[in-house]
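Chain residues, written in single-letter form:
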Amino acid sequence: MNVIEAIRARRAVRAYSSRRVDEPTIRSLLQAAVQAPSAMNEQLWIFGVVQDARQLARWSDRAKGMLLDQASTDPKTRHYGPRLSDPAFNIFYDASTLVVIGTKERGTYTDADGWLAAENLMLAACEAGLGSCPIGFAIPLLNTPQAKEELGFLASAAVVAPILLGYASVAAAPVPRAEPQILSWAR
């Protein structure tokens, strides 16, 4: 698979089998992640890997509670209220692996650096036959002092990009994309 094929094939997978991603594969994906560019080559990204289903279920419940608390002030979260209220809904979609991409300390460009690393990881996962999905719902929870401690992140660290990895149980359908909207082109 070449890069363009991976870009076009990668989908946000939200249905995973119970098959666990092995450690060598995860390490390979993390090696791909750190090949991303970083502002001034600081490479401040850090990673946490969670494959404990009970921990992910606890975090899912806590994250849903936090999101429901903010739903009254956030229209987008309010839209997801029924799903977030469903005890059976797991924000991690029962994936076997969560890779948490963070930064040692927050700076002007560290979020961008983290998301660049995330895209490398997701494209490498696609090439390896894995599904992936960024989980924005998890960011507030994962930035709490307790969750950062569980991840081994220092208090000064920040979680930027939680990415699910696993083997898809259902193929994700292609998503139509609009043509680029070029608003200017100075020549």
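Scroll up for the structure.
Residues numbered from 1 in each chain as written. Predicted model: local features only at pLDDT ≥ 70, side-chain atom pairs only at ≥ 80, totals over all residues. Heavy atoms only, no water.

## A short note on the environment of Val34
Within the fold, Val34 resides in the loop between α2 (23-33) and β1 (45-50). Note on Val34: relative accessible area 25%, which makes it partly exposed. Distance from Val34 to Ile46, taken between C-alpha atoms, is 9.5 Å for residues 12 residues apart in sequence. Residues in contact with Val34, not counting those within four places in the same chain, are Trp45 and Phe47. (Helix = DSSP H or I, 4+ residues; strand = E, 2+ residues; numbered from the N terminus. Buried < 20%, exposed > 50% of the residue type's maximum accessible area, 1.4 Å probe, protein only. Contact = heavy atoms within 4.5 Å.)

## Considerations on the environment of Pro145
Mapping Pro145 onto the fold places it in helix α8 (residues 145-151). Overall, Pro145 belongs to the exposed group, its relative accessible area being 67%. The sequence separation of Pro145 and Ser156 amounts to 11 residues, and the corresponding C-alpha distance is 9.7 Å.

## Thoughts on the pattern of salt bridges
Inspection of every chain in the model, using the stated rule, returns 5 salt bridges. With a closest N to O distance of 3.9 Å, Asp52 and Arg54 form a salt bridge. Among the residues examined, Arg54 registers a relative accessible area of 63% and is labelled exposed. For Asp111, the salt bridge identified is with Arg106, shortest N-O distance 3.0 Å. Looking at Asp111, the relative accessible area reads 32%, which means it is partly exposed. (Salt bridge = Lys/Arg side-chain N within 4 Å of Asp/Glu carboxyl O.)

## Some details on the side chain of Thr103
Assignment of secondary structure puts Thr103 in strand β2 (residues 97-103). The contact partners of Thr103, leaving out residues within four places of it in the chain, are Leu44, Trp45, Ile46, Thr110, Ala157, Ala158 and Val160.

## Here we look at unusual backbone geometry
Located in the positive-phi region is Met40, a residue other than glycine, with phi close to 55 degrees. Within the secondary structure, Met40 is located in the loop between α2 and β1. The backbone of Asp94 sits at a positive phi, close to 60 degrees, despite the residue not being glycine. Tracing the chain through its elements places Asp94 in the loop between α5 (81-85) and β2.

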